[in-house]
Amino acid sequence: MNLRDLKYLVALADHRHFGRAAQASFVSQPTLSTQIKKLEEELGVALVERAPRRVMLTPVGRDVAERARSVIAEVDQMIEVARRSRDPEAGSVRLGLFPTLGPYLLPHVLPAVRTRFPRLELLLVEEKTDQILQRLRDGRLDAGILALPVHDDQLRIEPLFDEPFVLAAPRTHPIASNGSLHSDDLRDADLLLLEEGHCLRDQALDVCRLAGAGEREGFRATSLETLRQMVAAGVGMTLLPMLAVQPPVPPSPDVALLPFSGDIPHRRIAMVWRRSSAMGEFLERLAEEFRSLPGELLMPPSSKPAAKRARRAG
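(A) Up close: the overall build of the protein. When you go through the protein residue by residue, the secondary structure sums to 10 helices and 11 strands. If you line up the protein on its principal axes, its C-alpha atoms span 75 × 50 × 30 Å. Across the 314 residues of the protein, 46% fall into the buried class. Contacts in the protein between residues far apart in sequence, at least 24 positions, make up 75% of those at least 6 positions apart. Looking at the protein as shown, the accessible area adds up to about 15,900 Å², and 52% of this sits on carbon and sulfur atoms. Charge separation in the protein, taken as the distance between the mean sites of 42 positive and 42 negative side-chain charges, equals 4 Å.

In structure tokens form, the structure reads like this:
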């Protein structure tokens, strides 16, 4: 048994197809199939259930594949320990972000990250929260930037910042005339929300429950941009995270953005990584760069000029 064959088995578990697993492993399909067969002979059990046009792992095959993931992750950690000891700020970091944060956060922090760590290769993966957590546990990601809470004792959690929500309403809606609003102003309102699986949906539902609001029936968006366009079309209102309404995102003349006063609804953003990670010390330094996000980006766009005038007057 060797590490290469274990990687072939994991690839097959991921792709459920000999051809795609071989392609991902950069070998021919006959080579991968032969090595999987040898691994089965060595273990004395069937790992794969072969059927026309589909591949399934047997129960023992699934168990072996998950253990193989752990072995491969531990070997990768050994290699990383040695490499980081030579040059702690070089190499690659596989970082996962969820879709309602990544496109709006990265333009503001990546230039500073590149300046601070010029030899770092940052490999970005955009996935929903549950997929990021699974890839972290499997060793396929080194770190993730997620919204709290995250319940996993095996993960180190480093809070970064609190991101407020704003209400996005059609410009013609009566509520759009408000300069700001309190959560109670949403009582009995029906908001447009994302589909299942997005953490922003869960966060918005929490706000709805506290405010006495509900969900607009018969509609669930697949992306934040779909929500924005539906608001612009006058279909309804929604909650948007603050970074999603900042430049370089262009403002819409048909959408009013209303900040909250009082107890402001928000989501807490954190960087998480495995406590056993060999790059833990470096990830702490990387988290500092994400934490240094300019504070004005977490303020409503309309309040920035007033804030600047106040600083000049002081």
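Next comes the rest of the description.
(B) Structural context of a nonpolar patch on the surface. A cluster of nonpolar side chains, M1, L43, V45 and V60, forms an exposed patch at the surface whose accessible area comes to about 300 Å². Locating L43 in the fold gives a position in helix 3 (residues 29-43). When its relative accessible area of 33% is taken as the criterion, L43 is described as partly exposed.

(C) Up close: the environment of L47. Following the sequence through the fold, L47 ends up in the loop between helix 3 and strand 1 (48-51). Between the C-alpha atoms of L47 and R220, which are 173 residues apart in sequence, the distance is 40 Å. Not counting residues within four places of it along the chain, the set of residues in contact with L47 comprises L9, L39, E40, M56, L57, T58, V60, G61 and V64.

(D) A look at the nonpolar core. The biggest cluster of nonpolar side chains holds 58 residues, and the ones touching the most others in it are L105, I145, L243, M271, L286 and F290. Counting 21 residues, the second-largest nonpolar core is a separate cluster that includes A13, F18, L47 and V48.

(E) Summary view of the pattern of salt bridges. Applying the stated criterion to the full structure yields 16 salt bridges. In this structure, D142 and R94 form a salt bridge, with 3.0 Å as the shortest nitrogen-oxygen distance. Of this pair, D142 sits in the loop between helix 6 (129-138) and strand 5 (143-147) while R94 sits in strand 3 (residues 91-97), and the two are 48 residues apart along the sequence. Take D142: its relative accessible area is 5%, and that puts it in the buried class. The class of R94 is partly exposed, set by a relative accessible area of 26%. Taking the shortest distance from any N to any O, the salt bridge between R267 and E163 comes out at 2.8 Å. You can see R267 sitting in strand 11 (residues 266-274) and its partner E163 sitting in strand 6 (residues 155-170), a full 104 residues away along the chain.

(F) Inspection of the packing of aromatic side chains at higher detail. The final tally for this structure, using the stated rule, is one aromatic pair. Aromatic pair F117 and F282: ring centres 4.9 Å apart, planes at 65°, arrangement edge-to-face. Of this pair, F117 sits in the loop between helix 5 (102-116) and strand 4 (120-126) while F282 sits in helix 9 (residues 280-291), and the two are 165 residues apart along the sequence. When its relative accessible area of 2% is taken as the criterion, F282 is described as buried.

(G) Looking closely at the packing of helix 1 (residues 3-15) against helix 2 (residues 18-25). Following both chains from N to C, one finds helix 1 and helix 2 inclined at 130°, their axes separated by 8 Å at the closest point. It follows from the interaxial angle that helix 1 and helix 2 lie oblique. The chirality of how helix 1 crosses helix 2 is right-handed. Taking contact as the criterion, the partners of Y8, A11, L12 and H15 in helix 1 are, on helix 2, F18, R20, A21, A24 and S25.

(H) Seen up close, the packing of helix 5 against helix 9. At a closest axis distance of 9 Å, the pairing of helix 5 and helix 9 adopts a crossing angle of 135°. With respect to each other, helix 5 and helix 9 are oriented oblique. Viewed along their axes, helix 5 and helix 9 form a crossing whose handedness is right-handed. Counting all contacts with helix 5, which are made through L105, L106, V109, A112, V113 and R116, the residues of helix 9 involved are R285, L286, E289 and F290. Per-class residue counts for the contact of helix 5 with helix 9 are seven nonpolar, no polar and three charged.

Each value, and the rule that gives it
Residues numbered from 1 in each chain as written. Predicted model: local features only at pLDDT ≥ 70, side-chain atom pairs only at ≥ 80, totals over all residues. Heavy atoms only, no water. Helix = DSSP H or I, 4+ residues; strand = E, 2+ residues; numbered from the N terminus. Buried < 20%, exposed > 50% of the residue type's maximum accessible area, 1.4 Å probe, protein only. Contact = heavy atoms within 4.5 Å. Areas by Shrake-Rupley, 256 points an atom, 1.4 Å probe, with all protein chains shown as cover. Lys, Arg positive; Asp, Glu negative; His and termini not counted. Charge placed at Lys NZ, Arg CZ, Asp CG, Glu CD. Patch = residues over 30% accessible without salt bridge, like charges linked within 9 Å, V, L, I, M, F, W, Y side chains within 5 Å. Salt bridge = Lys/Arg side-chain N within 4 Å of Asp/Glu carboxyl O. Core = buried A, V, L, I, M, F, W, Y, C linked by side-chain atoms within 4.5 Å. Phe/Tyr/Trp six-rings, centres within 6.5 Å; stacked < 30°, edge-to-face > 60°. Axes fitted to C-alpha atoms, helices over the stretch in contact; angles between N-to-C directions. Parallel < 35°, antiparallel > 145°, perpendicular 65-115°, else oblique. Left-handed = near helix turned anticlockwise from the far one by under 90°. Nonpolar A, V, L, I, M, F, W, Y, C, P; charged D, E, K, R; others polar.

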